[in-house]
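Fold and contact review
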Amino acid sequence: MGLFNRKNDTATTTALATATAGPDLSHLSGDYTIDTTHSRVGFQVRHAMITNVRGEFADYQGTLHLDGADPAASSAELVIQVASISTGNDQRDGHLRTGDFFAVETHPEIAFRSTAAEQLDADTYRMTGDLTIKGITRPVVLDLEFTGSATDPYGLQRLGFEGSATVDRTEFGLTYNAALETGGVLIGEKVKLGFDISAVRA
């Protein structure tokens, strides 16, 4: 019985190790450009303590270097044009572009540049980097899920990732707020960032 147990343990250990290692992405190694027509860079923040306002940026450029054999050697950069912000309300978008928030005239871009990457399990990765908003740079951690790869009808190699991160907007100088008569504040400090990325091999 002990021999059978040892064989089962070995098989289980091997299966777990394979699952943790994840798919072999070495054939996908290379440089990629984010396809903005099939991607989304968005955010959400609590409004009036009871609901979320969601928005996104329409104008941005990004690159990804994927090392499928050594995920730690992967990297990414993203530059967002802040003036392209859209929350579905023109008045609110205009206010967000002013000095109360992003001060677009003096700080037109948001930038992210990765500093480290790691694979957590089969399809989950974590990327650490420097996020710059309104001229202030802070470290941020992105949790990423690899959603697959494909060759599209035009013969282009594509990769997909979904990602998220949470930042404190006040750490980037976005401190504007207003008190509510019922207590609390109009705008939450925590902002949830969300990414749906389709990247094409350069």
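Residues numbered from 1 in each chain as written. Predicted model: local features only at pLDDT ≥ 70, side-chain atom pairs only at ≥ 80, totals over all residues. Heavy atoms only, no water.

Moving on: the pattern of salt bridges. Using the criterion set out here, one finds 5 salt bridges in the structure. A salt bridge links arginine 158 to aspartate 35, with the shortest nitrogen-to-oxygen separation between them at 2.9 Å. Here arginine 158, found in strand E10 (residues 157-168), pairs with aspartate 35, found in the loop between strand E1 (30-34) and strand E2 (40-47); they are 123 residues apart in sequence, far enough to count as distant. A residue is classified by how much of its surface remains accessible, and arginine 158, at 19% relative accessible area, is buried. Here the residues in one salt-bridge network are Asp35, Asp152 and Arg158, joined through shared partners. (Salt bridge = Lys/Arg side-chain N within 4 Å of Asp/Glu carboxyl O. Helix = DSSP H or I, 4+ residues; strand = E, 2+ residues; numbered from the N terminus. Buried < 20%, exposed > 50% of the residue type's maximum accessible area, 1.4 Å probe, protein only.)

What follows concerns the side chain of lysine 134. Position of lysine 134 relative to the elements: it lies in the loop between strand E8 (124-133) and strand E9 (136-151). At 7.4 Å, aspartate 100 is the nearest oppositely charged side chain to lysine 134, a buried residue that forms no salt bridge. Of note is the side chain of lysine 134, whose polar atom sits 3.2 Å from the backbone oxygen of glycine 99. With residues up to four places along the chain from it excluded, the contact list for lysine 134 reads Gly99, Asp100, Phe101, Phe102, Ala103, His107, Phe172, Gly173 and Leu174. (Lys, Arg positive; Asp, Glu negative; His and termini not counted. Polar contact = N/O pair within 3.5 Å; in protein donor to acceptor, adjacent residues only side chain to side chain. Contact = heavy atoms within 4.5 Å.)

Core analysis: the largest hydrophobic core is formed by 44 residues, its most contacted members being Phe102 and Leu131. In terms of residues, this core owes the most to one element, strand E11 (residues 187-201), which gives 6 residues. Contacts of phenylalanine 102, omitting those with residues within four sequence positions, involve Val82, Ile85, Leu96, Arg97, His107, Ile110, Ile133, Lys134 and Leu174. (Core = buried A, V, L, I, M, F, W, Y, C linked by side-chain atoms within 4.5 Å.)

Within the element layout of this structure, valine 79 appears in strand E5 (residues 75-81). By relative accessible area, which is 17% here, valine 79 ends up buried. The sequence separation of valine 79 and phenylalanine 112 amounts to 33 residues, and the corresponding C-alpha distance is 6.5 Å. With residues up to four places along the chain from it excluded, the contact list for valine 79 reads Tyr60, Gln61, Glu109, Ile110 and Arg113.

You can see glutamine 157 is positioned in strand E10. With 129 residues separating them along the chain, glutamine 157 and leucine 28 place their C-alpha atoms 8.4 Å apart. Engagement of the side chain of glutamine 157 in a polar contact is seen with the backbone oxygen of alanine 150, the distance being 3.4 Å.

The topology assignment puts serine 74 in the loop between strand E4 (60-66) and E5. Of the residues examined, serine 74 reaches a relative accessible area of 10% and is grouped as buried. There is a polar contact of 3.0 Å between the side chain of serine 74 and the backbone nitrogen of aspartate 67. The contacts of serine 74, once residues within four sequence positions are left out, are His65, Leu66, Asp67, Ala117 and Met127.

Together, Asp121, Asp123, Glu145, Glu162 and Asp196 make up a region of like negative charge exposed at the surface. With respect to the helices and strands, aspartate 196 occurs in strand E11. Overall, the relative accessible area of 35% leaves aspartate 196 in the partly exposed class. (Patch = residues over 30% accessible without salt bridge, like charges linked within 9 Å, V, L, I, M, F, W, Y side chains within 5 Å. Areas by Shrake-Rupley, 256 points an atom, 1.4 Å probe, with all protein chains shown as cover. Charge placed at Lys NZ, Arg CZ, Asp CG, Glu CD.)

Turning our eyes to something else, we now look at a nonpolar patch on the surface. Side chains of Met49, Ile50 and Val185 sit close together on the surface and give an oily, nonpolar patch of about 310 Å² of accessible area. If you trace the backbone, methionine 49 turns up in the loop between E2 and strand E3 (51-57).

Bringing the packing of aromatic side chains into the picture now. For the coordinates displayed, the defined rule picks out 5 aromatic pairs. The interplanar angle of 80 degrees and the centroid separation of 6.4 Å between the aromatic rings of phenylalanine 57 and phenylalanine 102 together place this pair among those described as edge-to-face. Pair noted here: phenylalanine 57 is in strand E3 and phenylalanine 102 is in the loop between helix H2 (90-96) and strand E7 (109-119), with a separation of 45 residues, a long-range link. Each member of the pair phenylalanine 57 and phenylalanine 102 is classed as buried. Grouping aromatic residues by their ring pairs yields a cluster made of Phe43, Phe57 and Phe102. (Phe/Tyr/Trp six-rings, centres within 6.5 Å; stacked < 30°, edge-to-face > 60°.)

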